[in-house]
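Understanding the architecture of this molecule
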Amino acid sequence: MADPSRALGLYGGDDYEGGPPSRTTPPRSDTAVRVLTALGALTVGFLLAAALSASRAAAIAENARRAELVDLVRERQERAEALADELERLRTRVMAAESAAAAGVPTLQPELAQMELAAGLTALRGPGVTVTLRDASGDCPTGRSEDCRIQDVDLQLAVNTLFGVGAEAVAVNDERLIATTAIRSAGGSVLVNYRVLTSPYVIEAIGEPRRLREGFLRSQLGEDFAVWRDVYGLGYAVQEADDLTVPAFAGSIGLRTATAAGATAGRRQ
């Protein structure tokens, strides 16, 4: 009986001139597929676990570092407050000694009191205004958090504006401003007299209330803050006050470089 495969021409002839017929590779068994799938899943799982572990370790280290910095800032702040209290006690003793020394020379007492008052070393009381500036709450519409926070330059401009319209004494969150006062930023905080202040910032200025209020509201900064209040949500208010108390300056008044011009030895004529 003839081979049907030959009759159909599946082979090249009796001598297989065309070579043996090609064969289809059999599919992988279900067991092999399951093994490869399991290995792939294990590999992916291992990589995900390693990435998660690394990110968790980084987050833990970052939180620990942040907590460390917060504790350090708190410790330095407490130390600064303790030194300020000690300085105030020493200053009180010095003032008592000065008064005792000047008691024998009555004409010196009024002059000494006037100098201390002008230097900001005496607490003052009188009418004036309060300017309250506050950070915005919620998300910032611009996506830049600094746009919705009160900056050091805002306080600088506010203080300069108040002095420009007639303020006689100014304090920010009970920090008295004198000639050597610095208002600056450190990270996200505002420092006045090297003390960290936080929002809200209450600026108290002694002077003629109506003049101060109208002068501030009509100033360029006052108009800008009226816009920023609506656009960025910053807190802004100016109010007259019948009775304000501005504390005495509590920092160091020592000068390291400056000397009285009249006491300079090599002064030019």
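Structure report, in brief. What you see is a predicted model; the values in this text were computed from it and never measured. Within each chain, residue numbers correspond to sequence positions counted from 1 in written order. The predicted nature of this model means local features are confined to residues of pLDDT at least 70 and side-chain atom pairs, given and counted, to a pLDDT of 80 or more, with totals for whole chains, interfaces and linings taken over all residues. As a convention, hydrogens and water are excluded, and side-chain values are obtained from all of the structure's heavy atoms.

Helix-helix packing: each pair is described by the crossing angle between the helix axes and the interaxial distance. Between helix α5 (residues 209–218) and helix α6 (residues 220–232), whose axes approach to 4 Å, the crossing angle comes to 65°. As far as their axial angle goes, α6 and α5 are roughly perpendicular. Here α5 contributes Phe 216, Leu 217 and Arg 218 to the contact with α6, which in turn contributes Gln 220, Leu 221, Gly 222 and Glu 223. Taken together, the residues that form the contact of α5 with α6 break down as 3 nonpolar, 2 polar and 2 charged. Between N-to-C directions, angles cover 0 to 180 degrees, with each direction set by a line fitted to C-alpha atoms, over the stretch in contact for helices. Counting from the N terminus, the helices are DSSP H or I runs at least four residues long and the strands are E runs at least two residues long. In what follows, roughly perpendicular refers to angles from 65 to 115 degrees, roughly parallel to angles under 35, roughly antiparallel to angles over 145, and oblique to any angle outside these ranges. The contact criterion used is simple: two residues touch if any of their non-hydrogen atoms lie within 4.5 Å. The classification used treats Ala, Val, Leu, Ile, Met, Phe, Trp, Tyr, Cys and Pro as nonpolar, Asp, Glu, Lys and Arg as charged, and all other residues, Gly among them, as polar.

Let's shift gears to the sheet that holds strand β8 (residues 235–246). In this description, strands pair whenever DSSP reports at least two bridges between them. The strand order across the open sheet built from 5 strands is β3-β2-β7-β1-β8, with neighbouring strands paired in antiparallel fashion. Edge positions in the sheet fall to β3 (175–176) and β8, since each of these pairs with one other strand and no more. Here strand β2 (residues 169–172) runs beside β3; their pairing, made up of 2 bridges, is antiparallel. Within β3, the residue paired with Val 172 across the bridge is Glu 175.

Before going further, it helps to examine the nonpolar core. Ranked by size, the top nonpolar core spans 30 residues in total, and within it Leu 133, Leu 155, Leu 162, Ile 203 and Phe 216 carry the most contacts. For this core, the secondary structure elements donating two or more residues are β1 (124–134), α4 (152–164), β2, β5 (189–192), β7 (201–206), α5, α6 and β8. Ranked by residues supplied to this core, first place goes to α4 with 4 residues. With residues near it in sequence (within four places) discarded, Leu 155 still touches Leu 133, Ile 150, Val 172, Ile 183, Val 190, Tyr 201 and Ile 203. We define a nonpolar core as any set of buried Ala, Val, Leu, Ile, Met, Phe, Trp, Tyr and Cys residues linked to one another through side-chain atoms lying within 4.5 Å. The rule is simple: take the accessible area with a 1.4 Å probe, protein chains only, and divide by the maximum for that residue type; under 20% is buried, over 50% is exposed, in between is partly exposed. Leu 124, Ala 169, Ile 206 and Ala 241 belong to the second-largest nonpolar core, a separate cluster that totals 7 residues.

By convention in these notes, a salt bridge is any Lys or Arg side-chain nitrogen within 4 Å of a carboxyl oxygen on Asp or Glu. What the rule picks out here adds up to 7 salt bridges. Among the ionic pairs, Arg 65 bridges to Glu 68, the shortest N-O distance being 3.0 Å. With Arg 65 and Glu 68 both in helix α2 (residues 30–102), this residue pair falls 3 residues apart, about one helical turn. The partner of Asp 147 in a salt bridge is Arg 144, and the shortest N-O contact between them spans 3.1 Å. Given a relative accessible area of 22%, Asp 147 falls into the partly exposed group. When salt bridges with common partners are traced through the structure, they connect Arg 144, Glu 146 and Asp 147 into a single cluster.

Without other data, these values stay purely geometric and don't point to any function.
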